[in-house]
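Each chain is listed here by its residues.
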Protein chains: 4
Amino acid sequence: MPAPQETKPRWERRKDARPQELLAAALAQFVERGYAATRLEDVAKRAGVSKGTLYLYFTNKEELFKEVVRANIVATIGEAEQDAASFDGPSGELLSTLLLRWWTEIWATPLGGITKLMLSEGNNFPELAQFYNEEVVARGSLLITEVLRRGIARGEFRPVDPVVMTRVLIAPVLMLMMWTHSYMPTCDMPDVAPEAFMETFIITTLRGLRADST
Amino acid sequence: MPAPQETKPRWERRKDARPQELLAAALAQFVERGYAATRLEDVAKRAGVSKGTLYLYFTNKEELFKEVVRANIVATIGEAEQDAASFDGPSGELLSTLLLRWWTEIWATPLGGITKLMLSEGNNFPELAQFYNEEVVARGSLLITEVLRRGIARGEFRPVDPVVMTRVLIAPVLMLMMWTHSYMPTCDMPDVAPEAFMETFIITTLRGLRADST
Amino acid sequence: MPAPQETKPRWERRKDARPQELLAAALAQFVERGYAATRLEDVAKRAGVSKGTLYLYFTNKEELFKEVVRANIVATIGEAEQDAASFDGPSGELLSTLLLRWWTEIWATPLGGITKLMLSEGNNFPELAQFYNEEVVARGSLLITEVLRRGIARGEFRPVDPVVMTRVLIAPVLMLMMWTHSYMPTCDMPDVAPEAFMETFIITTLRGLRADST
Amino acid sequence: MPAPQETKPRWERRKDARPQELLAAALAQFVERGYAATRLEDVAKRAGVSKGTLYLYFTNKEELFKEVVRANIVATIGEAEQDAASFDGPSGELLSTLLLRWWTEIWATPLGGITKLMLSEGNNFPELAQFYNEEVVARGSLLITEVLRRGIARGEFRPVDPVVMTRVLIAPVLMLMMWTHSYMPTCDMPDVAPEAFMETFIITTLRGLRADST
DNA sequence: TATGAATGAGTGTTCATTCAT
DNA sequence: AATGAATGAACACTCATTCAT
């Protein structure tokens, strides 16, 4: 009896890589189509597996979605927190840096798509929305709030409620995220470049926030 | 003589009131569930009629939605346009009035829910999105843009690109709309009153926009 | 108190005419669309009445259809029978006259449409089909058969089974009826004028039937 | 040891056989009920599968029907075309062979039912009618027309318009098809055997077509 | 007698989920 | 571990029929 040849399998065994690949495919599809409109078959096709395989790794569509979110949220925020802590210059500069980085680093990232998705369809997944808020929104907001407190304490910003102001600062960026991730061209009526938006927004708001602008 | 049975009629004739009732029910359901997740049968049930009745008054789901939008918009925007045209004071005041009215009159109104809905699901229903944009967003935006032009021309505002600035002004209000209409309370993390948000936003932005803030 | 004026009613009372009008409208619609595809609402609209009115006169769609057929079958056949009986010339001439008249007088008549309809959808109304056959097809066929017998007896036609031959003679006319009443132009591939069809058919068949064509 | 329960599997894997089975079930149902009245659920039930399964193999009802036609036609017509091309004898013989074969090979086949169906319901499904005409009727007709041209050119047939004559030749066979597939027995009034019909029809018509029958 | 608003059963189609292989 | 054939619940829309007015 001939020993079975150690043939290289036609497709490579990558037991461990599978889940990642599936999550990647799911992420892409969710971002592209939204949650409800994403068909698991398309996710499977995108990952190059069969529909059934998805169910070997994820209980159902909802769980898959949750995993996608969890897998893509981790690191990014932590960095920003550290940067902010070690910054030493004027608060306005810190603030604008933070907002700009937020935009540039998230927007290019899948996280941008997820944010849009959560804002859009979060209602249908209260549990998930809560999770997302706690892990992402709350931590991010706190960061901004702290900078505002710092600026007010140092007399750089006029006295405002830092929590409310945080929201005012976050809102435009989130909205830009939504606009950017909406692929209907008509919706972005007269074309406004995200960069121009961010610049105008930051300049104007910082001016409005300055303590010395009597 | 036996008392005549008090049989409840299978249906009641309500010819004139019907359309309004249906639109109201549809609006509520759309806002509550979103467009895609709204089943026409539920709308019907909510209005106390049968599924078929809806089709006596509206061609299909899409048309029903459009009617809902039309019935809740026309007046509102028109008024704002007229008010703006006849206003005579400083542009900053006009702008803040406009934004505040926008918020108060739309937010209290179900129209807020519709705006949220369009932002959320617009992607999946391009035709609806386009319709909404043309009828609502474009007209509203133009209003703001014109005020900005006016203020810049009169030297009240510093020179900014009025189109970009329009977006910057719109974004926070839209975002507030989204937050407000997301019924997961957790999402509104530290409770920020919409009024406080609007106030802080308007004051800050107008300060940042003023021409004389050297 | 003024005596109520004897005003002429806005619409004329024509109690007796109603059923006829309804039947006429139904006939037209059935012929135009076929049985299944005819919506009672369209019949009503065509007759200028409301949908409900139809149900005052006819139990349901099926009964309406039956009445339409019954009301349009009566007279025509009788005439032909009498003409044939009193004819005195050569049988070939009689036959061709009969076939041509059949075509010209039925084709223009609603009976043509009904024939097409019966052929098409008769399966779904076995009872009706039977009735139609007995009253129309059988009597008409018998007429032809008799002429064939006459011709054979007089030595004008070669000896054929007159019953079978009757079918052979009827078939093309019926088929022409079907083609003519099919309003999809494509189905009548290269356009063949009904008159040309009838002429070619009659000439060829009579030639084939002649006794002397040795 | 307990005998393993003989549970019947919810479904059986039949990958390769399935399409054929589905087509067969669909054919039967279509012929039995007609196109419009055939519910896909019944087709599925007949094939012993669920409704959804149909959609694994066929895009929709219309496509299913087209496939049924394709699966039952291609061969038949093709053969006839080849036979005709290679035939070398007198045109009358070719013609009668063609017509007879058409009858016997189609009539015995469910394809007869489909022809009946198209004649009956074609009006209501223009696209199907067109498809059927192009694929079946047009090709078949052309075959006959060519034979007629051949016969005329060779002096075997008297000069007639071959296109019109084609129709005259087709009509009786189609009509016979309709009669045969109408399952109301009454409709075939005095019992005429299809074979007798065909024989009488062919003999008579060929006699009428002969060039030498002075 | 006439109306037409209202009904609700029925069907084609989609897609998340299951399970024999 | 992986497949993909099979499932069946769900939903938009139609239309014959009913019935309060």
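Owing to the predicted nature of the structure, the values given are computational and were not obtained by experimental measurement.

Criteria and cut-off values
Residues numbered from 1 in each chain as written. Chains lettered and ligands numbered in written order. Predicted model: local features only at pLDDT ≥ 70, side-chain atom pairs only at ≥ 80, totals over all residues. Heavy atoms only, no water. Helix = DSSP H or I, 4+ residues; strand = E, 2+ residues; numbered from the N terminus. Buried < 20%, exposed > 50% of the residue type's maximum accessible area, 1.4 Å probe, protein only. Contact = heavy atoms within 4.5 Å. Areas by Shrake-Rupley, 256 points an atom, 1.4 Å probe, with all protein chains shown as cover. Phe/Tyr/Trp six-rings, centres within 6.5 Å; stacked < 30°, edge-to-face > 60°. Lys NZ or Arg CZ within 6 Å of the ring centre and 35° of its normal. Buried area = accessible area lost by both parts, 1.4 Å probe. Salt bridge = Lys/Arg side-chain N within 4 Å of Asp/Glu carboxyl O. Polar contact = N/O pair within 3.5 Å; in protein donor to acceptor, adjacent residues only side chain to side chain. Least-squares fit on C-alpha atoms with pLDDT ≥ 70 in both. Nonpolar A, V, L, I, M, F, W, Y, C, P; charged D, E, K, R; others polar. Core = buried A, V, L, I, M, F, W, Y, C linked by side-chain atoms within 4.5 Å. Axes fitted to C-alpha atoms, helices over the stretch in contact; angles between N-to-C directions. Parallel < 35°, antiparallel > 145°, perpendicular 65-115°, else oblique. Left-handed = near helix turned anticlockwise from the far one by under 90°. Lys, Arg positive; Asp, Glu negative; His and termini not counted. UniProt positions renumbered as here; feature names shortened; annotations may be inferred. pLDDT = per-residue confidence, 0-100.

Looking at the overall build of chain A
For chain A, the count of helices and strands is ten helices and zero strands. Tracing chain A from N to C terminus, the helices and strands come up as α-α-α-α-α-α-α-α-α-α. Each of the 214 residues in chain A was classed as buried or not, and the buried ones make up 47%. Considering only residue pairs separated by 6 or more positions, chain A has 73% of its internal contacts joining residues 24 or more positions apart. Just so you have it, chain A exposes about 10,900 Å², and 55% of that area is on carbon and sulfur atoms.

With respect to the packing of aromatic side chains
The final tally for this structure, using the stated rule, is 20 aromatic pairs over all chains. A centroid spacing of 5.0 Å and a plane angle of 75 degrees characterise the contact between Phe30 of chain A and Phe65 of chain A, whose relative ring orientation is edge-to-face. Taken together, the residues span a long stretch of sequence, with Phe30 of chain A in helix α1 (residues 17–33) and Phe65 of chain A in helix α4 (residues 61–71) at a distance of 35 residues. Neither Phe30 of chain A nor Phe65 of chain A differs from the other in exposure class; each is buried. A cation over an aromatic ring shows up here: Arg70 of chain C above the ring of Phe131 of chain C, its NZ or CZ 5.7 Å from the ring centre. The positively charged end of Lys66 of chain D is found above the aromatic ring belonging to Phe131 of chain D, 5.4 Å away from the centroid.

Some thoughts on the interface of chain D and chain C
Each side of the interface is counted separately: chain D has 47 residues, and chain C has 49 residues. Where chain D abuts chain C, roughly 4,300 Å² becomes buried across the two surfaces, and 65% of that area is made up of carbon and sulfur atoms. Our enumeration of links across chain D and chain C arrives at zero salt bridges. Between chain D and chain C we count eight residue pairs in polar contact (both at pLDDT 80 or more) in total. Ranked by residue count, the leading element in the side of chain D that touches chain C is helix α9 (residues 162–181) of chain D, at 13 residues.

Considering the relation of the copies chain D and chain C
Each copy of the chain is related to the other by a rotation around an axis and a translation along that axis. Each copy of the sequence occupies a distinct position, and chain D is placed on chain C by a rotation of 178 degrees and an axial shift of 0.3 Å, giving an RMSD of 1.3 Å. The symmetry that links the two subunits is that of a two-fold axis. By C-alpha distance to the rotation axis, the residue of chain D lying nearest is Ser120 of chain D, at 1.6 Å. A shared binding surface is used by both copies, with 98% of the interface residues of chain D retained as interface residues in chain C.

A closer look at helix α4 (residues 61–71) of chain D
What α4 of chain D keeps buried is the set Leu64, Phe65, Lys66, Val68 and Val69 of chain D. Against α1 (18–33), α2 (40–47), α7 (111–121) and α8 (126–153) of chain D lie the buried residues of α4 of chain D.

Examining the interface of chain B and chain A
For interface size, the figure often reported is the accessible area lost on association. Contacts between chain B and chain A engage 48 residues on the former and 51 residues on the latter. Across the chain B/chain A interface, buried area totals approximately 4,300 Å², and carbon plus sulfur atoms make up 65% of it. If you look at where chain B meets chain A, you find zero salt bridges. On inspection of chain B and its partner chain A, the count reaches eight residue pairs in polar contact (both at pLDDT 80 or more). Considering every element that reaches the side of chain B that touches chain A, the biggest residue donor is helix α9 (residues 162–180) of chain B, with twelve residues. Residue classes in the side of chain B that touches chain A are distributed as 26 nonpolar, 15 polar and seven charged.

Observations concerning the nonpolar core
Membership of the largest hydrophobic core comes to 128 residues, with the highest contact counts inside it found for Leu95 of chain C together with Leu95 of chain D. Contact partners of Leu95 of chain D, with chain neighbours within four places excluded, come to Ile144, Val147, Leu148, Phe157, Leu169, Leu206 and Leu209 of chain D. In terms of nonpolar packing, the next biggest core, distinct from the first, is built from 127 residues, Val69 and Val173 of chain A together with Trp103 and Trp179 of chain B among them.

Quick word on the relation of the copies chain B and chain A
Overlaying chain B on chain A yields an RMSD of 1.0 Å, the required transformation being a rotation through 177 degrees with an accompanying axial translation of 0.2 Å. Most of the interface of chain B is mirrored in chain A, where 100% of its interface residues are also at the interface.

Comments concerning the packing of helix α10 (residues 194–209) of chain A against α9 of chain B
Relative orientation of the contacting elements α10 of chain A and α9 of chain B amounts to 70 degrees, with a least axis distance of 9 Å. Judged on the interaxial angle alone, α9 of chain B and α10 of chain A are roughly perpendicular. The element α10 of chain A and its partner α9 of chain B pack so that their crossing is right-handed. Facing Ala196, Phe197, Thr200, Phe201 and Thr204 of chain A of α10 of chain A, the residues of α9 of chain B in contact are Val164, Met165, Arg167, Val168 and Ala171 of chain B. Classifying every residue of the contact of α10 of chain A with α9 of chain B by side-chain character gives seven nonpolar, two polar and one charged.

So, the side chain of Glu121 of chain D
All names here are of chain D. Tracing the sequence through the fold places Glu121 in helix α7. Buried charged residue Glu121 carries no salt bridge. Nearest counter-charge: Lys116, at 7.4 Å. A polar side-chain atom of Glu121 sits 3.1 Å from the main-chain amide nitrogen of Ala36. Here Glu121 is in contact with Gly34, Tyr35 and Ala36, once residues within four sequence places are set aside.

What to know about the pattern of salt bridges
Here the structure, examined in full by the defined rule, presents 46 salt bridges over all chains. Taking the shortest distance from any N to any O, the salt bridge between Arg70 of chain A and Glu67 of chain A comes out at 3.0 Å. Here Arg70 of chain A and its partner Glu67 of chain A are both found in helix α4, three residues apart, which amounts to about one turn of the helix. For Glu67 of chain A, a relative accessible area of 30% translates into the label partly exposed. One salt-bridge network, in which partners are shared between bridges, spans Glu79, Asp83, Arg101 and Glu105 of chain B.

Remarks on the UniProt feature "DNA-binding region" (unreviewed entry) in chain A
Per the UniProt annotation, the sites labelled "DNA-binding region" (unreviewed entry) are residues 39–58 of chain A. Spanning residues 39–58 of chain A, this segment combines 75% helix with 0% strand, and its end C-alpha atoms are found 15 Å apart.

Description of the confidence of the model for chain A
Residue and element names in this part refer to chain A. On average, residues of chain A score 85 in pLDDT, and 87% of them are at 70 or above. The lowest-confidence element of chain A is helix α5 (residues 74–86), averaging 79 in pLDDT; the highest-confidence one is α10, averaging 96. Note on residues 5–13: pLDDT under 50 across the span, and zero contacts to partners over four residues away in sequence or across chains.

Quick look at the environment of Ala47 of chain B
Residues and elements named next belong to chain B. Mapped onto the elements, Ala47 comes out in helix α2 (residues 40–47). Note: C-alpha distance between Ala47 and Ala24 (23 residues apart in sequence) is 8.1 Å. Once you skip the residues sitting within four places of it in the chain, Ala47 turns out to touch Glu21, Leu22 and Ala25.

Regarding the environment of Gln130 of chain D
Relative to the elements of secondary structure, Gln130 of chain D occurs in helix α8. Sequence separation between Gln130 of chain D and Met118 of chain D is twelve residues, and the spatial gap between their C-alpha atoms is 10.0 Å.

Some thoughts on the side chain of Lys116 of chain A
Its place among the elements puts Lys116 of chain A in helix α7 (residues 110–121). Sequence-distant contacts of Lys116 of chain A, that is, excluding residues within four places in its chain, are made with Met177, Met178, His181 and Ser182 of chain A together with Leu119, Ser120 and Asn123 of chain B.

What about the environment of Asn60 of chain B?
Turning to its location among the elements, Asn60 of chain B is positioned in the loop between α3 (51–57) and α4 (61–71). Along the chain, Asn60 of chain B and Leu40 of chain B lie 20 residues apart, while their C-alpha atoms are 9.2 Å from each other.

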